[in-house]
Amino acid sequence: MTNAKSLWLGIAVGGAVSATVTLLSAPASGKQLRVKMKEKSIEWKDMLLHLKQDGVRLKNQIKETSQEGAILIKELTQDMKKSVSEWKTTVEPHQENIHQYLAQIESSLNDLENKIKKQ
């Protein structure tokens, strides 16, 4: 039992000594420390509020940008379809001429081949 009393007495004396040393070596008094902590907590709250507001603004800006992008892509798609359609109507009349011209070239090549084979 005396060992237990000695242990508890050592813990109590050690705790008291460490508390005294901590209080004496603290850079500021308790009142000053509480004031600083209060100021810092206000600064942190303000910073968190600004971060929240910036996040909301960023979210809204991303939303607007994505909506504008969707509109632009839709318009671009329509313009591309229109351009392809116009190109097709422009090329179609010439397409038959090109086929005829290619057929003539092919016929001429066949004639040349036949003449070369005969010689």
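Keep in mind the model is a prediction, meaning the values are calculated, not measured.

(A) Structural detail: the overall build of the chain. The helix and strand inventory of the chain stands at two helices and zero strands. Taking 14 Å as the expected radius of gyration for a compact globule of 119 residues, we find that the chain reaches 45 Å, considerably beyond that expectation. Burial status across the chain gives 0% buried among its 119 residues. Summed over all atoms, the accessible surface of the chain reaches about 11,500 Å², with 63% contributed by carbon and sulfur. The distance from the centre of the 18 positive side-chain charges to the centre of the 14 negative ones in the chain is 20 Å.

(B) Up close: a nonpolar patch on the surface. Together, Ile98, Tyr101, Leu102, Ile105, Leu109 and Leu112 make up a nonpolar patch on the protein surface, roughly 600 Å² of accessible area in all. Its location among the elements puts Ile98 in helix H2 (residues 30-118).

(C) Structural context of the environment of Val17. Mapped onto the secondary structure, Val17 falls in helix H1 (residues 2-25). On a C-alpha basis, the gap between Val17 and Leu102 in space is 107 Å, while along the polypeptide they are 85 residues apart.

(D) Inspection of the environment of Trp87 at higher detail. In this structure, Trp87 sits in helix H2. On the basis of relative accessible area, Trp87 is assigned to the exposed category, the value being 56%. Considered as a pair, Trp87 and Lys74 are 13 residues apart in the sequence and their alpha carbons are 20 Å apart.

(E) Structural detail: the pattern of salt bridges. Summed over the entire model, instances satisfying the criterion amount to two salt bridges. Across the pair Glu43 and Lys40 runs a salt bridge, and its minimum N-O distance is 3.8 Å. In this pair, Glu43 and Lys40 both sit in helix H2, three residues apart, roughly one turn of the helix. Its relative accessible area of 47% is what places Lys40 among the partly exposed residues. The residue Arg57 makes a salt bridge to Asp54 at a minimum N-O spacing of 3.3 Å. Note that Arg57 and Asp54 are positioned in helix H2 at a spacing of three residues, about one turn of the helix. Judged by relative accessible area, which is 41%, Asp54 ranks as partly exposed.

Basis of the calculations
Residues numbered from 1 in each chain as written. Predicted model: local features only at pLDDT ≥ 70, side-chain atom pairs only at ≥ 80, totals over all residues. Heavy atoms only, no water. Helix = DSSP H or I, 4+ residues; strand = E, 2+ residues; numbered from the N terminus. Rg over C-alpha atoms; globule rule 2.2 N^0.38 Å. Buried < 20%, exposed > 50% of the residue type's maximum accessible area, 1.4 Å probe, protein only. Areas by Shrake-Rupley, 256 points an atom, 1.4 Å probe, with all protein chains shown as cover. Lys, Arg positive; Asp, Glu negative; His and termini not counted. Charge placed at Lys NZ, Arg CZ, Asp CG, Glu CD. Patch = residues over 30% accessible without salt bridge, like charges linked within 9 Å, V, L, I, M, F, W, Y side chains within 5 Å. Salt bridge = Lys/Arg side-chain N within 4 Å of Asp/Glu carboxyl O.

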